[in-house]
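# Fold and geometry: a report
Here is how the chains run, residue by residue.
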Amino acid sequence: MSEGFQGTIAVVGGSGDLGSAIARRLAKAGRKVIIGSRAADSAAAAAERLGFGITGLANADAAAAADLVIVTVPFAAQETTLGAIAAHVVGKIVVDTTVPLVPPRVMRVQLPPEGSAAVKAQGLLGEGVTVVSAFHNVAAHKLIKDAEVECDVLVFGDDKAARGTVVGLVRDCGLRGLHGGALVNSAAAEALTSILIFVNKTYAVDGAGIRITGGLTEPA
Ligand SMILES: NC(=O)c1ccc[n+]([C@@H]2O[C@H](COP(=O)([O-])OP(=O)(O)OC[C@H]3O[C@@H](n4cnc5c(N)ncnc54)[C@H](OP(=O)(O)O)[C@@H]3O)[C@@H](O)[C@H]2O)c1
């Protein structure tokens, strides 16, 4: 197996669009991936569809069996889902991908009172869990295909080493992951998604993405 994170990764909500795409890309890169769903049989069916050795379990069991957990559920399901896995993620990295969209006005930035979905996740899970956020600005329907996705992924978190681990997982997914700083900065990427949805509609784009320009030097 190549360098990078060697542990088991659970994708909670991995039966959905973004989770399936991330799970597939990570498993294809050689990572050990378990999909989580509210229903174990749905998880198993999704895992079977995706292939690459992915397995499926109920969300809490997937989180318990994993060393790192990626959460890919709608904002409206974030609190319940984190509640279901909270006891199983203490001491682990939880990667929150939640964009706090509030339908039907998904083209308007509507951040939660906590400031961002990522900060809300940290508050719900407590300090014993290292929350990192990422993948807010990448279109799932592009990520599920094998073609290159023209989009950088900003990664936020208060623990630099944990952020670095997730930057590596983004690289495993075939995208450029960039440190975006502290978890509170996640608000910027979460907000940007509403703007990208607006751009998609206004300019008839099939999944606009973001690129950070300039000659970047790898951080020490
Ligand atoms: N789709 C994208 O292109 C994209 C891009 C960037 C960020 N995001 C963000 O990533 C997250 C996931 O997006 P998605 O499009 O993948 O979502 P999705 O396909 O609508 O849902 C993902 C999974 O969440 C679970 N879920 C749905 N409703 C639920 C509920 N009421 N309670 C508990 N679990 C529920 C379902 O899993 P089970 O039924 O199997 O439990 C579902 O398969 C969202 O926060 C979204 O804003 C999405």
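These notes cover the structure that comes with them. Residue positions are given per chain, counting from 1 as you read along its sequence in written order. Per-residue local features of the predicted model are confined to residues with pLDDT of at least 70, and side-chain atom pairs are confined, for both listing and counting, to 80 or more; whole-chain, interface and lining totals are unaffected and use all residues. To obtain the side-chain values, all non-hydrogen atoms of the structure were used and water was disregarded.

The subject of this paragraph is the side chain of threonine 193. For threonine 193, the location among the structural elements is in helix H8 (residues 186-203). What makes threonine 193 buried here is its relative accessible area of 10%. By definition, residues are in contact when any of their heavy atoms lie within 4.5 Å. Apart from the residues lying within four places of it in its own chain, the contact partners of threonine 193 are Val99, His136 and Asn137. For the purposes of this entry, the term helix denotes a DSSP run of H or I that reaches at least four residues, the term strand denotes a run of E that reaches at least two, and both are numbered from the N terminus. Only protein chains enter the accessibility calculation, which uses a 1.4 Å probe; a residue whose area is less than 20% of its type maximum is buried, one above 50% is exposed, and one in between is partly exposed.

Attention now goes to the site of the ligand. Around the ligand, the structure places 21 residues, and the nearest of them are Ser15, Leu18, Ser37, Arg38 and Val73. The separation between an oxygen atom of the ligand and a polar main-chain atom of glycine 16 is 3.2 Å. Taken together, the elements giving at least two residues each to the shell around the ligand come down to helix H1 (17-28) and helix H4 (75-85). If one sorts the elements of the shell around the ligand by residue count, H4 sits on top with 3 residues. Looking at the shell around the ligand residue by residue, the class counts come to 10 nonpolar, 9 polar and 2 charged. One heavy atom within 4 Å of a molecule or strand makes the whole residue count as near it. Under this definition, polar contacts are N or O atom pairs within 3.5 Å; protein pairs additionally need one hydrogen-donor-capable and one acceptor-capable atom, and for neighbouring residues in sequence, both atoms have to be side-chain atoms. Only Asp, Glu, Lys and Arg are considered charged, only Ala, Val, Leu, Ile, Met, Phe, Trp, Tyr, Cys and Pro nonpolar, and every remaining residue, Gly among them, polar.

Right, let's get into H1. Each residue after the first adds 1.5 Å to the expected span of a helix. With 12 residues, H1 should cover 16 Å at 1.5 Å per step; its first-to-last C-alpha distance of 17 Å lies within 8% of that length. Among the 12 residues in H1, 10 count as buried, and that is most of the element. Within the sequence span of H1, burial applies to Leu18, Gly19, Ser20, Ala21, Ile22, Ala23, Arg24, Arg25, Leu26 and Ala27. The inward-facing, buried residues of H1 abut strand S1 (8-12), strand S2 (32-37), helix H2 (40-50), strand S4 (68-71), helix H6 (140-143) and helix H7 (160-172). Residue glycine 30 follows H1 closely and has a positive phi angle near 100 degrees.

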